[in-house]
Structure formats: C-alpha cells, structure tokens
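# Commentary on secondary and tertiary structure
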Amino acid sequence: MSKKLVEAMADLDEDLVLEEVKALVGQKVPAMDIIASLQEGMGIVGKRFEEKEYFLSELIMSAEIFNEASKLLGDGTGGAGNAGTSKYGTFVMGTIYDDIHDIGKNIVTTVMSSNGFNVVDLGVDVPTAKYVEAIKQYKPKVIGISCLLTTAFDNIKECIQTLEKEGLRKDIKILIGGGPVDEATCKYVGADHVCKNAQETVEYSKKYMGIN
Ligand code: B12
C-alpha cells in the first residue's frame, strides 16, 4: 500500500495522484496493488463526505481522479467485457437498480475479462428483469451484483428471490461486492459469497468452475 497515494487520493490532489501512480507503474508495482491504494483513499473520501467535510462535488471529483489514474494502468481497470472471446465460463455483472456507482464494477469486469472469463457487463441501475434475461440468454456460471448503497440492499434481496422463483438460481453462484457489502449483507440478501476485490472474484470463480 502506498501511503502517499492513499493520502493524495483522499485529499483529491489530482496532480500528486497521477504523479504517484506513474512512479509506481515505473517501479513495476502490480496494478492491483495500486488500485488497492486508490480504493483505500476513496474510502477516506467517503468518510469525509459522511462527516460533511466533503460534499457531492468532492465525490464526483474523486471518481474523476480515480478514472484518470486508472487510464495509466492500462488493462488493469475500467472498460467493458469481451463477450464471446474467452476460454472460461460466462460471468454476468451489473450494479443493482437505484445504484449508479460503477468504478468497482468496472475494475472487476476488466480483471475477470483479462483472466479469461467471458464477461457480460449489464451496466448500472440494473433492474431484476435484466438479470433474468441475461441469465436465460448467456447461461452464466457466476453472476456478480455490485452495490455501494446500503439503501439498495433490499433490491439485491428482491433480485435474488426473483431468480429463485424463476428457477434460475440452481446452477449459478451469486457474488456480491462493493464498499459497504459484508458477510452480514451476504446472509441478508441470500447471496453465495462476498468478494472484497477483483482478485478475490477471479479466485472464487476459478475455484467454483474447477479451473486451476
Ligand atoms: C465515487 C463515489 C461516488 C460517485 C460514483 C461515480 C461512479 N461512476 O461510480 C458519485 C459522485 C456518482 C456518487 C454518488 C452517490 N453516492 Co457515492 N461514493 C463514492 C465513493 C467516494 C467511492 C466509491 C468507489 O468508487 N470506490 C472505489 C472502488 C474501486 O471500490 P468499490 O466500489 O468498493 O469496488 C471494489 C470492491 O468493493 C469490489 N467490488 C465492487 N463491486 C463488486 C461486485 C462484485 C460482484 C464483486 C465480487 C466485487 C465487487 O471490487 C472493487 C475493486 O477492488 C464512496 C465511498 C466508499 N467508501 O466506497 C461513496 C459512497 C458509496 N456514496 C455514498 C452516497 C450516499 C452517495 C449518494 C447517495 C450521494 C448523494 N447525496 O447524492 C449518491 C448516490 C447515487 C446513486 N443513486 O447511486 C455513500 C453510501 C452510504 C451508504 N450507507 O449507503 C458512500 C459510502 C460515501 C459515504 N461514506 O457516505 N458516489
């Protein structure tokens, strides 16, 4: 973890963030480690927002800085999937309805894609019907639901209950993730597993699909 990068991200010092990311890339620090520092900094931004030290404009700025920094990491973050060209099973991913946060979702989809999964990215604010449709169409082995808002936990729950009612739950694993999501959330919404980052998502999915 780069303390300098965490602090620069938390302080929304764009020049310093970009400078530090470039330096870390130059030192061959893995993209995932750089993302972990940026994510930690975003967590502090969130806390400052909660404490009313930061406002919505700062949240928006943090997302812009994160996206600029991600561009320096090449294939490590951002962007959509590669449906149809992969060697492993299909992973369908979206951010649950009423929630438009997509930075973490994009990192997970890109990392899954670059690890050989066939990724179908449904975008943000995804209604249950879209998950239902995608599962019927793409027959994924694993689906991911991203959620950054505690107020949207009930939406995940509703979505999973609907998948069960429609008989679509049997052969798939449902992963959830996003800042405030934890084991208790996983139990509450009825998901199979919670992942804290993209690498964990890759490892869990490979294990489930029997890939070494
Ligand atoms: C940036 C940001 C925004 C940006 C989002 C831009 C974008 N394009 O995504 C903007 C400005 C739009 C925004 C808006 C809002 N936000 Co906001 N936002 C954040 C902030 C600061 C960072 C989120 C982020 O991108 N983190 C970095 C990424 C990399 O981390 P991540 O998402 O957790 O993803 C990683 C893992 O969790 C995991 N992962 C993520 N998803 C998934 C899914 C699966 C399946 C798996 C396996 C893994 C996985 O892998 C990722 C990579 O490691 C957080 C603070 C925080 N602590 O998270 C608040 C935060 C989430 N926001 C919050 C709030 C309140 C809002 C608003 C309601 C504010 C408002 N008053 O309008 C709106 C809601 C809009 C909506 N309807 O969705 C609150 C939520 C509080 C709560 N209890 O629910 C937070 C926690 C801030 C706070 N502490 O108060 N926000």
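All values derive from a computational prediction rather than experimental measurement. (Residues numbered from 1 in each chain as written. Predicted model: local features only at pLDDT ≥ 70, side-chain atom pairs only at ≥ 80, totals over all residues. Heavy atoms only, no water.)

### Points about the site of the ligand
As a matter of local geometry, the ligand sits amid 39 residues, with Gln39, Glu50, Ile100, His101 and Asp102 nearest to it. Thr150 is positioned with one of its backbone polar atoms (N or O) 2.8 Å from an oxygen atom of the ligand. With seven residues, the single largest contributor to the shell around the ligand is helix 3 (residues 31–50). Considered class by class, the residues forming the shell around the ligand number 20 nonpolar, 14 polar and five charged. The residue makeup of the shell around the ligand includes at least three contributed by each of domain 1 (3–75) and domain 2 (90–209). (Near = heavy atom within 4 Å. Polar contact = N/O pair within 3.5 Å; in protein donor to acceptor, adjacent residues only side chain to side chain. Helix = DSSP H or I, 4+ residues; strand = E, 2+ residues; numbered from the N terminus. Nonpolar A, V, L, I, M, F, W, Y, C, P; charged D, E, K, R; others polar. Domains from an automatic or database assignment.)

### Examining the packing of helix 3 against helix 4 (residues 56–71)
Interhelical geometry of helix 3 versus helix 4 gives an angle of 175° and a closest axis separation of 10 Å. As summarised for this structure, helix 3 and helix 4 are arranged roughly antiparallel, according to the angle between their axes. Facing helix 3, whose interface residues are Ile35, Leu38, Gln39, Met42, Val45 and Phe49, helix 4 presents Leu56, Leu59, Ser62, Ala63, Phe66 and Ala69. By residue class, the composition of the contact of helix 3 with helix 4 is ten nonpolar, two polar and no charged. (Axes fitted to C-alpha atoms, helices over the stretch in contact; angles between N-to-C directions. Parallel < 35°, antiparallel > 145°, perpendicular 65-115°, else oblique. Contact = heavy atoms within 4.5 Å.)

### Brief notes about helix 2 (residues 14–26)
For helix 2, built from 13 residues, the straight-helix expectation of 18 Å at 1.5 Å per residue is met to within 8% by its first-to-last C-alpha distance of 18 Å. For helix 2, the set of buried residues is Val17, Leu18, Glu20, Val21 and Leu24. Down the axis of helix 2, the sector holding all buried residues measures 165°, keeping them to one side. Opposite its buried face, helix 2 presents the exposed residues Asp15, Lys22 and Gly26, each directed more than 90 degrees away. Tucked into the core, helix 2 has its buried residues touching helix 1 (3–10), helix 3 and helix 4. Backbone geometry just after helix 2 places Lys28 at a positive phi near 65°. (Expected span 1.5 Å × (residues − 1). Buried < 20%, exposed > 50% of the residue type's maximum accessible area, 1.4 Å probe, protein only. Arc of directions from axis to C-beta.)

### Re the environment of Leu59
Following the sequence through the fold, Leu59 ends up in helix 4. Note: C-alpha distance between Leu59 and Val202 (143 residues apart in sequence) is 28 Å. In contact with Leu59, other than residues within four places in its own chain, are Val45 and Phe49.

### A word on the sheet that holds strand 3 (residues 142–146)
Pairing is parallel in the open sheet, where five strands are placed in the order 2-1-3-4-5. The open sheet terminates on both sides in strands that have one partner only, identified here as strand 2 (118–121) and strand 5 (193–194). Note: strand 1 (residues 90–95) against strand 2, four bridges, orientation parallel. By the bridge assignment for strand 2, Val92 is matched with Val120. (Pairing = 2+ DSSP bridges.)

### What about the coordination of the cobalt atom of the ligand?
Among protein residues, the single donor to the cobalt atom of the ligand is His101 (NE2), with a metal-donor distance of 2.3 Å. Here His101 shows up in the loop between strand 1 and helix 5 (103–114). (Donors = N, O, S within 2.8 Å, 3.2 Å for Na, K, Ca; no water.)

### Observations regarding the side chain of Thr185
Looking at the secondary structure, you find Thr185 in helix 8 (residues 183–189). Residue contacts for Thr185: discarding those within four places in its chain leaves Phe153, Ile176 and Pro180.

### Describing the pairing of strand 4 (residues 173–177)
Among the five residues of strand 4, four are classified as buried, and the element is accordingly described as predominantly covered. Alignment of strand 3 against strand 4, held across five bridges, turns out to be parallel. Residue pairing across strands places Val142 opposite Lys173, the latter belonging to strand 4. With respect to chirality, the unit in which strand 3 leads through helix 7 (residues 153–165) into the neighbouring parallel strand 4 is right-handed. Of the strand pairs in this sheet, strand 4 and strand 5 are connected by two bridges, and their pairing is parallel. (Right-handed = clockwise from strand over helix to strand, strands pointing away.)

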